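Next come the chains, spelled out residue by residue.
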Amino acid sequence: MTTADTAYLRMENVSKTFGRIQALSNVSLDVRLGEIHALMGENGAGKSTLMKILSGAYLPDPGSAIFIDRNRVSITGPQSAQTLGISIIYQELSLAPNLTVAENIYLGREIARNRFVSRSAMEAGAADILRRLNASFGPRDKVARLSIAERQLVEIARALNFKCRILVMDEPTTTLSERETERLFQLMRQLRSEGMAIVYISHRMSEVYELADRVSVLRDGAYVGTLDRPEIAPETVVRMMVGRDLGSFYKKAHSVGGGPGTVAVRVRDVGDGRRIHGCSFDVHHGEVLGIAGLVGAGRTELARLVYGADHRAGGTIELEGRALDIRTPLDAQKAGIAYLTEDRKQLGLFLDMSVSENLNLGVIEKDSKFGFLDRIMARRRSRKATAALNIKAASSDAAVGGLSGGNQQKVLLARLLETGPRFLILDEPTRGVDIGAKSEIYKLIDEVAKSGMAVAVISSELAEIVGICDRVIVMREGRVAGSLKGSEITQENIMAIATAA
Ligand SMILES: Nc1ncnc2c1ncn2[C@@H]1O[C@H](COP(=O)(O)OP(=O)(O)OP(=O)(O)O)[C@@H](O)[C@H]1O
Ligand SMILES: [Mg+2]
């Protein structure tokens, strides 16, 4: 396997504790120039923490050592990481939106070099790099106007400008469309051939097989091993990640052979007068309805209209035969509709509040005795939910902001289920969630459907739609373009409708 001789970067015996949580214990990792090195592991395995140590965001515990080109280095902060040629692109991008592209590319550099960079020199330099990256925007554009994919490109440009040799990308594709993802991969291959060392974190197995030269796996904060290209196989990686074989992945115990129950939700002619037009669908009790389509086809917009998050221009929504007058999310919640947002950071969780507080937020009213939350009930509830979804946190009093990305997603889902909805809409429920938790979430969806709940799932992962749904509607350009059921639900059929092939 790996010899230290060929490694450009070597992290040795790296440990990190947060209070009582040992996020990393004696992890070692070798990364070579000119390779894409995938770093894999379940939610909370320690991937982001390891990379934050590399980029100077966290200091490692004593005893840890980092070598670059065989020299021991000490990374004391983001500046020192930058000087050593290390750049990281986080799950949440970190640009200043009201500055221009050029200003962002040069941000912090004047200080590092201790000299002033003139605006024209800056813009010329930025233009050079943007050309190299094939960017469709210019140095003077404001970052606020750019899409997520374009902002990522600015971050990469920034890294190149720092003469970065080690580029870390932490789940860069979770919010990209397929085409944007493909472009990013092209760029990564280009950078690899130019000799850059790229560390790539993703929960999407298919991406890893497509891109990675080597894969290293972490489990529970410990290093499990590294695979070379020929050894990389799905079963092997999964077994290393979860420490066992996963068995059958998609559960579909509900309504198998039984046929769906009565109609629970009837949506007719819903639109917003702009992007979404005349959308109709039913969801039966005990059924999982998939809402498929390309990114931008209007799936989330449709869900938001049904949920009252955006203004509906027309149409009707019925739940169990009752016409609902939904104008706000609160109306929807009161009627028994719950919506899991795809955007957990901005809309979903209160990051400063504890796991327990977040979990109980949805039910405070139900439990309040004389205006106070029943603490014992609250604790019992959060313990149950934490166990059911295998949420990893130091304690239920730990702040949600300190949880790993996938575990935050689980908290959000658990909280929704606590409200006991009759119609559950899940928007990208497994985004950023590891493979073990994925199968737990599928099991949960299956269970709530079996209990008679009506469930709608929006997902960009076709395998997921095919694996868990009883019926699928496919959206295209703001309309319901077709529907599929039973054995008609295949990836090919969905794509054919989604692209009007
Ligand atoms: N700032 C922090 N404060 C407290 N605990 C933390 C902090 N950052 C990380 N942790 C804990 O360290 C462990 C590893 O988290 P990390 O974010 O590195 O996981 P990850 O492998 O990146 O997971 P994911 O795939 O979900 O993003 C988790 O148990 C997490 O709760
Ligand atoms: Mg992470």
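All of the points below concern the structure found in this document. (Residues numbered from 1 in each chain as written. Chains lettered and ligands numbered in written order. Predicted model: local features only at pLDDT ≥ 70, side-chain atom pairs only at ≥ 80, totals over all residues.)

Taking burial as the measure, the five residues of strand S7 (residues 166-170) include five buried ones, the bulk of the element. Judged by which residues are buried, S7 turns out to be covered on both faces: Ile166, Val168 and Asp170 on one side and Leu167 and Met169 on the other are all buried. Relative to S7, strand S6 (residues 86-89) runs parallel, the two being bridged by four bridges. Looking at the pairing, isoleucine 88 lines up with valine 168 of S7. Where S7 and strand S8 (residues 197-201) come together, five bridges link them in parallel fashion. Counterpart to methionine 169 in the pairing with S8 is tyrosine 200. (Buried ≥ 20, exposed ≤ 12 C-beta atoms within 10 Å, placed from the backbone. Helix = DSSP H or I, 4+ residues; strand = E, 2+ residues; numbered from the N terminus. Pairing = 2+ DSSP bridges.)

Moving on to the nonpolar core. One broad trend across soluble globular proteins is that nonpolar side chains are buried collectively. If you look at the biggest cluster of nonpolar residues, it comprises 68 residues, and the most contacted ones within it are Ile425, Val455 and Val457. Looking at this core element by element, the count peaks at six residues for helix H17 (residues 435-450). Within the second largest apolar cluster, 67 residues are counted, among which are Val101, Ala126, Val168 and Ile201. (Core = buried A, V, L, I, M, F, W, Y, C linked by C-beta atoms within 7 Å.)

Strand order in this open sheet of four strands is S12-S11-S14-S15, and the pairing throughout is antiparallel. Edge positions in the sheet fall to strand S12 (279-284) and strand S15 (322-324), since each has one partner strand and no second. Between one strand axis and the next, the sheet turns through 20° on average, direction left out of account. Alignment of strand S11 (residues 263-271) against S12, held across five bridges, turns out to be antiparallel. Note on S12: the bridge partner recorded for valine 267 is phenylalanine 281. Along the sheet, helix H10 (residues 299-307) contacts S11, S12 and strand S14 (314-319); its crossing angle with S11, the most-contacted strand, is approximately 110°. (Axes fitted to C-alpha atoms, helices over the stretch in contact; angles between N-to-C directions. Contact = placed C-beta atoms within 7 Å.)

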